[in-house]
Amino acid sequence: MRFGCCLNMVASYTDGTGIEHIEKLAELGYEYAELPLAEMMMLSEEKFNNLKKRVQDSGIACEVCNNFFPKTMRLTGEEVHMDMILTYAEKALDRAHELGVRYVVFGSGPAKNVPEGYSLENGYQQVVNLLKQVGEIARNRGITIVIEPLRKAECNLINTFKEGCGLAADVNHECVKVLVDFYHLSEEKEPLTNILENGKQFLRHVHFANPNGRVYPESMVEADYQAFFAALREIEYNERISCEAYCENFALSASKTLKVFRENA
């Protein structure tokens, strides 16, 4: 299993990418970085090339991107402009491909949240149609899209891993799979049996945080981590786990989290 961090969650630079922490991430012994695609799309070509060089010089790769679509882009509702969305997706996945990214996370809560007064069923079908097309764009770049279920407080569509797997099944594309996020799973009180039943077929990436405050996990007694890791072992999951959390002291917290991962995942 490979361990990384979502650096945008601890970003201090104005670009919001968290790239300023990548050298420390490598120094601590993490194996990859997860960087935000929407924020990287806001960079000029020169600044993106500078970021790409910094990643290359760090000694670890950006193997995953989160934050696929910007908050301002409507993916559901009456104001969906599919040509604009697909043009953005092509350019964004081009940048991801330049970085050597293998997986791009599709959470994008504000973008896919179904507007009030619009049918949830129609919004769901809009997302199905979008992912069918985005899956093909991703396939041509050697990338897999992983659907991230989000807690209801952040989005009204796809709130559980089980629902994410249902969406992936409806999309039915080899490059559209699912992510499980321990924080969102805990918030929604989703049973781990959903991972056991659907994980082998659909699970391709994991996000992790201490659900008590969405901070970096520092010990196994904070929450029921053991049962979650046991479920991953039972389905023989052996890909990546990214810590997606907040902290005050990145070096200290990330070091403790890596120890938790290595000893238990």
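Residues numbered from 1 in each chain as written. Predicted model: local features only at pLDDT ≥ 70, side-chain atom pairs only at ≥ 80, totals over all residues. Heavy atoms only, no water.

Within an unreviewed UniProt entry, the label attached to the protein chain reads Sugar phosphate isomerase/epimerase, and the organism entered is Faecalicatena contorta.

(A) Representation of the overall build of the protein chain within the structure. If you tally the helices and strands in the protein chain, you get eleven helices and eight strands. Against the compact-globule benchmark of 18 Å for 265 residues, the protein chain has a radius of gyration of 17 Å, which places it among compact chains. Dimensions of the protein chain, computed from the C-alpha atoms along their principal axes, are close to 45 × 45 × 30 Å. In the protein chain, which comprises 265 residues, the share counted as buried stands at 55%. For the protein chain, the proportion of contacts with a sequence separation of at least 24, taken over those separated by at least 6, is 80%. Just so you have it, the protein chain exposes about 11500 Å², and 46% of that area is on carbon and sulfur atoms. Considering the protein chain, the positive charge centre built from 28 side chains and the negative charge centre built from 39 side chains are found 3 Å apart. (Helix = DSSP H or I, 4+ residues; strand = E, 2+ residues; numbered from the N terminus. Rg over C-alpha atoms; globule rule 2.2 N^0.38 Å. Buried < 20%, exposed > 50% of the residue type's maximum accessible area, 1.4 Å probe, protein only. Contact = heavy atoms within 4.5 Å. Areas by Shrake-Rupley, 256 points an atom, 1.4 Å probe, with all protein chains shown as cover. Lys, Arg positive; Asp, Glu negative; His and termini not counted. Charge placed at Lys NZ, Arg CZ, Asp CG, Glu CD.)

(B) A look at unusual backbone geometry. Phi is positive for Ser108, close to 45°, though the residue is something other than glycine. Its identity as a non-glycine residue notwithstanding, Lys189 has a phi of 55°, on the positive side. Checked against the element boundaries, Lys189 lands in the loop between α8 (182-187) and α9 (193-202). You can call Lys189 exposed: its relative accessible area is 73%.

(C) A look at the packing of aromatic side chains. Inspection of the entire model under this criterion finds 13 aromatic pairs. Ring centres of Phe69 and Tyr88 lie 5.6 Å apart, and the angle between their planes is 35°; this geometry places the pair in the tilted category. Within this pair, whereas Phe69 is found in the loop between β3 (61-66) and α4 (82-99), its partner Tyr88 is found in helix α4, the two being separated by 19 residues in sequence. In this structure Phe69 comes out as buried when scored by relative accessible area, which is 5%. Between Phe182 and Tyr225 the ring centres are 5.6 Å apart and the planes differ by 70°, which places this aromatic pair in the edge-to-face class. In this pair, Phe182 is assigned in helix α8 and Tyr225 in helix α10 (residues 225-234), connecting sequence segments 43 residues apart. Taken individually, Phe182 and Tyr225 each receive the classification buried, so the pair is uniform in this respect. One aromatic cluster in this structure is built from Phe3, Phe182, Phe208, Tyr225, Phe228, Phe229 and Phe261. Its guanidinium or amino end placed over the ring of Tyr32, Arg240 lies 6.0 Å from that ring's centre, counting from NZ or CZ. (Phe/Tyr/Trp six-rings, centres within 6.5 Å; stacked < 30°, edge-to-face > 60°. Lys NZ or Arg CZ within 6 Å of the ring centre and 35° of its normal.)

(D) The UniProt feature "domain: Xylose isomerase-like TIM barrel" (unreviewed entry) in the protein chain, seen in detail. According to UniProt, the feature "domain: Xylose isomerase-like TIM barrel" (unreviewed entry) maps to residues 22-250 in the numbering used here. The span residues 22-250 is 46% helical and 15% strand by assignment, and the distance between its end C-alpha atoms comes to 11 Å. (UniProt positions renumbered as here; feature names shortened; annotations may be inferred.)

(E) The arrangement of the sheet that holds strand β4 (residues 103-106) in detail. As summarised here, the arrangement of the eight strands in space is β1-β2-β3-β4-β5-β6-β7-β8, forming a closed barrel in which the pairing is parallel. Adjacent strand axes in the sheet meet at a mean angle of 30° when their direction is disregarded. Pairing of strand β7 (residues 203-208) with strand β8 (residues 240-243), which is carried by three bridges, proceeds in the parallel orientation. Bridge assignment links His207 to a residue of β8, and that residue is Ser242. Its contacts with the sheet put α10 on β6 (176-181), β7 and β8, and the angle it makes with β7 is roughly 165°. (Pairing = 2+ DSSP bridges. Axes fitted to C-alpha atoms, helices over the stretch in contact; angles between N-to-C directions.)

(F) Representation of the pattern of salt bridges in the model. All told, the structure shown has 18 salt bridges when counted by the stated rule. Between Glu236 and Lys200 there is a salt bridge, with the nearest N and O atoms lying 3.6 Å from each other. Highlighted residues: Glu236 in the loop between α10 and β8 and Lys200 in helix α9, separated in sequence by 36 residues. Given the relative accessible area of 54%, Lys200 is considered exposed. One salt bridge in this structure joins Glu244 and Arg214, with 3.4 Å as the shortest N-O distance. Of the two residues, Glu244 is situated in the loop between β8 and α11 (250-264) and Arg214 in the loop between β7 and α10; the sequence distance between them amounts to 30 residues. Across the pair, exposure class does not vary: Glu244 and Arg214 are buried alike. Sharing partners across several salt bridges, the network here consists of Arg151, Glu154, Glu187, Arg214 and Glu244. (Salt bridge = Lys/Arg side-chain N within 4 Å of Asp/Glu carboxyl O.)

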